[in-house]
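# Analysis of the macromolecular model
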Amino acid sequence: QVQLVESGGGLVQAGGSLRLSCSASGTLIGAKTMAWDRQAPGKQRELVASITNSDFANYADFAKGRFTVARVYLKNTLYLQMNSLNPEDTGAYYCHAPFIAGPIGEYWGRGTMVTVSS
């Protein structure tokens, strides 16, 4: 089955770190671009970081210097390392695979919740 499954979310104190994982099927891990997005309650979903199949990474301004995205093809896994977390980082984090050939076109995971206490 073609799917994305996130894990690694939880509750962490401000200043702490978390590493999120996205387990992807073999057809999705090789996508041209994969990304992490997040959504806080009452706010719009926003891009956190993306990475191309040439390992070029792009980060939202709030993530620069704190977050790192990486793709390990042999493990079929996309990672997001998050350091120096603050309460504004609280939200649901989603794995995203856009630009997929076929009738669906793109895939989203169901999300993993990150809560940062002050």
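In the block above lies the structure referred to throughout.
Everything numeric in this text was worked out from a predicted model, so none of it was measured.

### Re the state of the cysteines
Overall, the coordinates contain one disulfide when judged by the stated rule. Disulfide pairing places Cys22 opposite Cys95 at an S-S distance of 2.1 Å. On the S-S bond that ties Cys22 to Cys95, the torsion sits near -80 degrees, and the link is left-handed. With Cys22 in strand β3 (residues 18–24) and Cys95 in strand β9 (residues 91–97), this residue pair connects regions lying 73 residues apart in the sequence. A relative accessible area of 0% means that Cys22 is categorised as buried.

### Some points on the pattern of salt bridges
Scanning the entire structure with this criterion turns up four salt bridges. Taking the shortest distance from any N to any O, the salt bridge between Arg38 and Glu46 comes out at 3.0 Å. Residue class for Glu46 comes out partly exposed when judged on its relative accessible area of 34%. Arg66 is the salt-bridge partner of Asp89, the closest N and O atoms lying 2.8 Å from each other.

### Concerning the environment of Gly16
Inspection of the secondary structure assignment puts Gly16 in the loop between β2 (10–13) and β3. Distance in space between the C-alpha atoms of Gly16 and Thr33 is 28 Å, their sequence separation being 17 residues. In contact with Gly16, other than residues within four places in its own chain, are Met82, Asn83, Ser84 and Leu85.

### Let's talk about the side chain of Arg38
Note that Arg38 resides in strand β4 (residues 33–39). By relative accessible area, which is 7% here, Arg38 ends up buried. Among the polar contacts made by the side chain of Arg38, one reaches the side chain of Asp89 at a distance of 2.9 Å. A distance of 3.0 Å separates a polar atom in the side chain of Arg38 from a polar atom in the side chain of Tyr93. The residues touching Arg38, leaving out its near neighbours within four places in the chain, are Gln44, Arg45, Glu46, Val48, Phe62, Phe67, Glu88, Asp89, Ala92 and Tyr93.

### Quick notes on the packing of aromatic side chains
Summed over all chains, the structure comprises one aromatic pair. Considering the side-chain rings of Tyr94 and Trp108, the 6.5 Å spacing of their centres and the 85 degrees angle between planes classify their relative orientation as edge-to-face. Placement of the pair is Tyr94 in strand β9 and Trp108 in strand β10 (residues 107–108), with a sequence separation of 14 residues. Residue classification places Tyr94 among the buried positions, given a relative accessible area of 14%. A relative accessible area of 35% means that Trp108 is categorised as partly exposed. The ring of Phe62 has Arg38 lying over it, and the distance from NZ or CZ to the ring centre is 3.7 Å. Its guanidinium or amino end placed over the ring of Tyr94, Arg45 lies 3.8 Å from that ring's centre, counting from NZ or CZ.

What counts, and where the lines are drawn
- Residues numbered from 1 in each chain as written.
- Predicted model: local features only at pLDDT ≥ 70, side-chain atom pairs only at ≥ 80, totals over all residues.
- Heavy atoms only, no water.
- Disulfide = S-S within 2.5 Å.
- Helix = DSSP H or I, 4+ residues; strand = E, 2+ residues; numbered from the N terminus.
- Buried < 20%, exposed > 50% of the residue type's maximum accessible area, 1.4 Å probe, protein only.
- Salt bridge = Lys/Arg side-chain N within 4 Å of Asp/Glu carboxyl O.
- Contact = heavy atoms within 4.5 Å.
- Polar contact = N/O pair within 3.5 Å; in protein donor to acceptor, adjacent residues only side chain to side chain.
- Phe/Tyr/Trp six-rings, centres within 6.5 Å; stacked < 30°, edge-to-face > 60°.
- Lys NZ or Arg CZ within 6 Å of the ring centre and 35° of its normal.

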